[in-house]
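# Observations on chain architecture
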Amino acid sequence: MCIFCILGLALFLWLLHIYMTGGVCKIKKDLNGKIVFITGANTGIGKETALQLGMMGATVVIACRDTNKGQLVLDQLNKITKAYMIKLDLSCLNSVKQCVEDFKKLNISQIDILINNAGVMAPQTYKITKQSYELQFGTNHLGHFLLTELLISYLKSAQQSRVVNVASLAHKHSQLDFKDINCAQYANSKLWPIKYNIQAYGNSKLCNILHAMEISKRHGIKGCSLHPGVVRTELVREIVGNPILNLLFKLVTPIYFIFTKSCLQGAQTTLQCALEDYDKLIDGGYYSDCKLKQPKFANKQLAEKLWDFSVEKLRMYMQK
Ligand SMILES: NC(=O)c1ccc[n+]([C@@H]2O[C@H](COP(=O)([O-])OP(=O)(O)OC[C@H]3O[C@@H](n4cnc5c(N)ncnc54)[C@H](OP(=O)(O)O)[C@@H]3O)[C@@H](O)[C@H]2O)c1
């Protein structure tokens, strides 16, 4: 009897694992002649996405902060396709500008698929970018926003190009407040309360969704965003840096495995958005498990407001 209970439980957990890791991109394309530009491809979901698109023949440009880690991915890519690496620190707008200058030197005339994948989550303490924005907003949204703006002419040079923003289900925890975009009221606390930390991450991810919703209206280029699922990557690096949270994390690891995706599984929805036939890709759509979903809080007015807000922030930066 007990054996049946154990077998039943094992089967249930296995089926649950399959359900949780679902969403497989079934599209395969010949991407010869296509150029993919992807941020944060030295590890995690970005690395897997770059390799998969490289295997389909795309020329892949990886933009990475840690170029030592990036070199290992570049070596892998060079065995299968033409690939380049450029240094990029999204938390510094000067670095974003330099990255685009370095891209120009590659003499590539177009970008077919821009994947804004890099991201940072839940730093242990309140942190700001070089231009004094809260780290998650500044990196995940504003850095990518500037990058996309500076690469627009390359996207316009390609036929049927697209921008794919890797957002997150965590956007549901956002409380976007344009009067306090930096969550500055918590800036002086030594330990940043997790609730507000997650809220700031959620804000930045809602911004990824809104950015993708507005891009075709502003530039005539299709944009979409996605939640990759809960994926076993280094994204939790700041969380596991805390000894107490690290211990908790270790305790829940076996359960965590059941509910989480591998990096290859986590790359599937990005691949779906990158490979979907142009006519079928929903402009401004938000995808999860390779299907179109309805994001929370996202609407046209907010997307418009965020766009104007971001342009104004960049204008102030350019004037300095
Ligand atoms: N893992 C999940 O469960 C999950 C769930 C929802 C959404 N996401 C999103 O998926 C995307 C990929 O994350 P991941 O899970 O693959 O995490 P990851 O393994 O930590 O990869 C994050 C990537 O972003 C890069 N990055 C971080 N800060 C950067 C900066 N300032 N400038 C340039 N690059 C920077 C990292 O580069 P370095 O190695 O140089 O730091 C790394 O390549 C992120 O946008 C994340 O928000 C992940």
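Let me begin by describing the structure that accompanies this report. This is a predicted model, so every value here is computed, not measured.

Empty pockets left among the atoms are what a rolling probe the size of a water molecule brings to light. Put simply, the second largest pocket is a space of about 300 Å³. Around the second largest pocket, the lining is made up of 16 residues, and of these Met-213, Asp-283, Gly-284, Gly-285 and Lys-300 lie nearest the centre. Secondary structure elements with two or more residues in the lining of the second largest pocket: α6 (194-219), β8 (291-293) and α12 (300-319). A per-element tally of the lining of the second largest pocket places α6 first, with four residues. Taken together, the residues that form the lining of the second largest pocket break down as seven nonpolar, three polar and six charged.

Applying the stated criterion across every chain, the model contains five aromatic pairs. Note on Phe-37 and Phe-103: the rings are 5.5 Å apart at their centroids and 75° apart in plane angle, and the pair reads as edge-to-face. Of the two residues, Phe-37 is situated in strand β1 (residues 35-39) and Phe-103 in helix α4 (residues 93-104); the sequence distance between them amounts to 66 residues. Taken together through their ring pairs, the aromatic side chains of Phe-37, Phe-103 and Tyr-154 make up a single cluster.

This part is about the nonpolar core. With 46 residues, the main nonpolar core has Phe-37, Phe-103, Ile-111, Leu-147, Leu-151 and Leu-210 as its most contacted residues. When contributions to this core are tallied by element, the ones reaching two or more residues are β1, β2 (59-64), α4, α5 (135-157), α6 and α12. Of all the elements, α5 adds the most residues to this core, at nine residues. Residue contacts for Phe-103: discarding those within four places in its chain leaves Phe-37, Val-61, Ile-86, Ile-108, Ile-111, Leu-151 and Tyr-154. Counting 34 residues, the second largest nonpolar core, distinct from the first, contains Ala-58, Val-73, Leu-74 and Leu-77.

Under the defined criterion, the tally for this structure stands at 13 salt bridges. When the shortest N-O distance is used, the salt bridge between Glu-234 and Lys-69 registers 3.3 Å. Placement of the pair is Glu-234 in the loop between β6 (222-227) and α7 (237-240) and Lys-69 in helix α3 (residues 67-78), with a sequence separation of 165 residues. Look at Glu-234 and you get partly exposed, because its relative accessible area is 33%.

Here we take up the site of the ligand. Neighbouring residues of the ligand: 30 residues in total, closest Asn-42, Arg-65, Lys-69, Tyr-201 and Thr-233. Asn-117 is positioned such that a nitrogen or oxygen atom in its backbone is 2.7 Å from an oxygen atom of the ligand. In this structure, Gly-229 approaches the ligand through a main-chain N or O atom, which is 3.4 Å from an oxygen atom. Relative to its unbound accessible area of 880 Å², the ligand is 96% covered by the protein chains. Listed by contribution, the elements that provide at least two residues to the shell around the ligand are α2 (44-55) and α6. Here the shell around the ligand is composed, by residue class, of 11 nonpolar, 12 polar and seven charged.

With that settled, the discussion passes to the pairing of β2. For β2, the buried fraction is high: six of the six residues fall into the buried class. Because side chains alternate across β2, one face comprises the buried residues Thr-59, Val-61 and Ala-63, and the other comprises Val-60, Ile-62 and Cys-64, equally buried. Where β1 meets β2, five bridges bridge the pair, whose relative direction is parallel. Along β2, the bridge assignment pairs Thr-39 with Ala-63.

A positive phi angle, close to 70°, is found at Ser-132, a residue other than glycine. Structurally, Ser-132 is set in the loop between β4 (113-116) and α5. A relative accessible area of 43% means that Ser-132 is categorised as partly exposed. Here Phe-297, not a glycine, exhibits a phi torsion of approximately 65°, which is positive. In this fold, Phe-297 is placed in the loop between β8 and α12. The exposure class assigned to Phe-297 is partly exposed, which follows from its relative accessible area of 39%.

Cut-offs applied
Residues numbered from 1 in each chain as written. Predicted model: local features only at pLDDT ≥ 70, side-chain atom pairs only at ≥ 80, totals over all residues. Heavy atoms only, no water. 1 Å grid on protein atoms, 1.4 Å probe; cavity = no way out; pocket = protein on both sides within 12 Å on 5 of 7 lines; lining within 4 Å. Points joined across faces, edges and corners; volume = space filled by probe spheres on them. Helix = DSSP H or I, 4+ residues; strand = E, 2+ residues; numbered from the N terminus. Nonpolar A, V, L, I, M, F, W, Y, C, P; charged D, E, K, R; others polar. Phe/Tyr/Trp six-rings, centres within 6.5 Å; stacked < 30°, edge-to-face > 60°. Core = buried A, V, L, I, M, F, W, Y, C linked by side-chain atoms within 4.5 Å. Buried < 20%, exposed > 50% of the residue type's maximum accessible area, 1.4 Å probe, protein only. Contact = heavy atoms within 4.5 Å. Salt bridge = Lys/Arg side-chain N within 4 Å of Asp/Glu carboxyl O. Near = heavy atom within 4 Å. Polar contact = N/O pair within 3.5 Å; in protein donor to acceptor, adjacent residues only side chain to side chain. Areas by Shrake-Rupley, 256 points an atom, 1.4 Å probe, with all protein chains shown as cover. Pairing = 2+ DSSP bridges.

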